[in-house]
Amino acid sequence: PPGSGKTFLAKELNKQHRRGIINMNELLEWNVNNQTEIGEKATKYLETQRQALEVAKAEFEKASKKKPKKGEELKPPVEEEYQWIPYEIVEQLLSCLLYTSPSPRDS
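Residues numbered from 1 in each chain as written. Predicted model: local features only at pLDDT ≥ 70, side-chain atom pairs only at ≥ 80, totals over all residues. Heavy atoms only, no water.

1. Topic: the packing of helix H3 (residues 37-64) against helix H4 (residues 87-98)
Here is step 1 of the chain: At their nearest, the axes of H3 and H4 sit 9 Å apart, and the two run at 150° to each other. By the angle between their directions, the pair H3 and H4 is classed as roughly antiparallel. Between H3 and H4 the crossing geometry is left-handed. Of the residues in H4, those in contact with Ile-38, Gly-39, Lys-41, Ala-42 and Tyr-45 of H3 are Ile-89, Gln-92, Leu-93 and Cys-96.
Here is step 2 of the chain: Here the contact of H3 with H4 is built from residues that sort into 6 nonpolar, 2 polar and 1 charged. (Axes fitted to C-alpha atoms, helices over the stretch in contact; angles between N-to-C directions. Helix = DSSP H or I, 4+ residues; strand = E, 2+ residues; numbered from the N terminus. Parallel < 35°, antiparallel > 145°, perpendicular 65-115°, else oblique. Left-handed = near helix turned anticlockwise from the far one by under 90°. Contact = heavy atoms within 4.5 Å. Nonpolar A, V, L, I, M, F, W, Y, C, P; charged D, E, K, R; others polar.)

2. So, the confidence of the model for the chain
Caution is warranted with low-pLDDT regions, since their predicted coordinates should not be read in detail.
Here is step 1 of the chain: Of the residues in the chain, 93% reach a pLDDT of 70 or more, and the chain-wide mean stands at 88.
Here is step 2 of the chain: Mean pLDDT values for the elements of the chain range from 84 in helix H1 (residues 6-17) up to 96 in H3. (pLDDT = per-residue confidence, 0-100.)

Here's what the structure looks like:
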């Protein structure tokens, strides 16, 4: 969750293990700002997911107004499940950042 110290923990692990940190928001933002093809693809994917979440919420609201069937448990959609970018897209976003000059890692 926001504000729980994930970035702080990542930075501490980076110091101890000398590993890089990838901020997904910055990675996506860089690709969008640089108008990469994969940045556009990721943005479209996230928009599709946002729309799917809205549909799921509407269906939940509609279903919650009805009496549930015996043994049926009604659960609201989990927003976080609609905010993930598939590994393949993340890999392409990262590749685009790493193999484009100049990249932020050069500054």
